[in-house]
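Structural overview for review
For reference, the chains in residue letters:
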Amino acid sequence: MKRWFAVLLAAAMLPTLGGCGEAKVTGLERFQDESGAFVCPGLAWGMTVEEAEAAGGWTLDKAVIVSDEDVTYEVRDVSYGGEDWVLQLQFLHDGGLWCVSLLQTDDASSMGKLFDSMNDALTTLYGEPDRAEYDAVRQRQSGGQLLCSEAGWEAEDAAVPSRLDLQLVRPEGREDASLGLVVMCLSGLENAE
């Protein structure tokens with residue numbers, strides 16, 4: 001079952017080689033349903049932990065983050081484009097699945113190129129981002145700085161209001177960077193199927 005979800009996710013975000021040897025990302029249209037809501041292929045907003053386990057073929061038995069509002073579980077080594085990604089699923093204590101993140105950390109150059117390719121593909125699909133900030137310097141609470149780029153698209157008028165964010169974060173003085181594709185339900189889990 002885990003392989004079934006990995007195949008579905010890989011089909012949803014299939015990188016191919018474009019001109020000049022740059023990665024071109026295709027399949028990102030599967031992150032929006034017919035109502036215009038942003039979704040994660042193979043999962044539904046409002047799912048329980050047990051329903052998400054059945055859909056993905058995982059065992060989500062150890063939370064990695066627990067807050068007053070939600071619980072986050074991770075699935076490591078989700079294959080996509082020949083790379084291993086971390087899938088994070090966040091569940092509200094009283095409302096089910098509300099946020100899904102696909103995360104990868106690698107050298108800053110590779111992650112920067114993948115961010116640019118995904119940003120171009122998402123802009124082609126969904127228009128200019130509703131909010132965007134590139135190469136912003138942010139202070140870390142623990143000291144030091146982060147170089148951040150992010151773009152986000154809103155689907156406020158969809159049956160289930162939702163958002164899709166693309167984020168790139170590079171800590172000061174490090175050669176690696178983290179890339180995240182984050183899909184979240186803003187409200188209306190009661191309308192989710």
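Summarised in this report is the structure supplied together with it. (Residues numbered from 1 in each chain as written. Predicted model: local features only at pLDDT ≥ 70, side-chain atom pairs only at ≥ 80, totals over all residues. Heavy atoms only, no water.)

**Some points on the environment of Pro161**
Summarising the element assignment, Pro161 is placed in the loop between β8 (145-155) and β9 (162-171). The class for Pro161 is buried, based on a relative accessible area of 16%. Through-space distance from the C-alpha of Pro161 to that of Phe38 is 8.0 Å; in sequence the pair is 123 residues apart. With sequence-adjacent residues up to four places away left out, Pro161 is seen in contact with Ala155, Glu156, Met184, Cys185, Leu186 and Ser187. (Helix = DSSP H or I, 4+ residues; strand = E, 2+ residues; numbered from the N terminus. Buried < 20%, exposed > 50% of the residue type's maximum accessible area, 1.4 Å probe, protein only. Contact = heavy atoms within 4.5 Å.)

**Let's talk about the pattern of salt bridges**
This model, assessed by the stated rule, comprises 8 salt bridges. For the salt bridge of Glu74 with Arg76, the shortest nitrogen-to-oxygen distance reads 3.2 Å. We classify Glu74 as partly exposed; its relative accessible area is 24%. Residue Asp165 pairs with Arg131 through a salt bridge whose shortest N-O separation is 2.2 Å. Remark: Arg131 occurs in strand β7 (residues 131-139) and Asp165 occurs in strand β9; sequence separation between them is 34 residues. On the basis of relative accessible area, Arg131 is assigned to the partly exposed category, the value being 30%. Through salt bridges with shared partners, one network takes in Arg131, Glu154, Arg163 and Asp165. (Salt bridge = Lys/Arg side-chain N within 4 Å of Asp/Glu carboxyl O.)

**A few points about empty space enclosed by the protein**
Taken as a whole and assessed by the stated rule, the structure comprises 2 cavities of 30 Å³ or more. Within this model, the second largest cavity holds a volume of roughly 30 Å³. Lining the second largest cavity, in full, are Arg131, Glu150, Ala151, Gly152, Asp165, Leu166 and Gln167. Among the secondary structure elements, those contributing two or more residues to the lining of the second largest cavity are β8 and β9. Along the lines of polarity and charge, the residues of the lining of the second largest cavity split into 2 nonpolar, 2 polar and 3 charged. (1 Å grid on protein atoms, 1.4 Å probe; cavity = no way out; pocket = protein on both sides within 12 Å on 5 of 7 lines; lining within 4 Å. Points joined across faces, edges and corners; volume = space filled by probe spheres on them. Nonpolar A, V, L, I, M, F, W, Y, C, P; charged D, E, K, R; others polar.)

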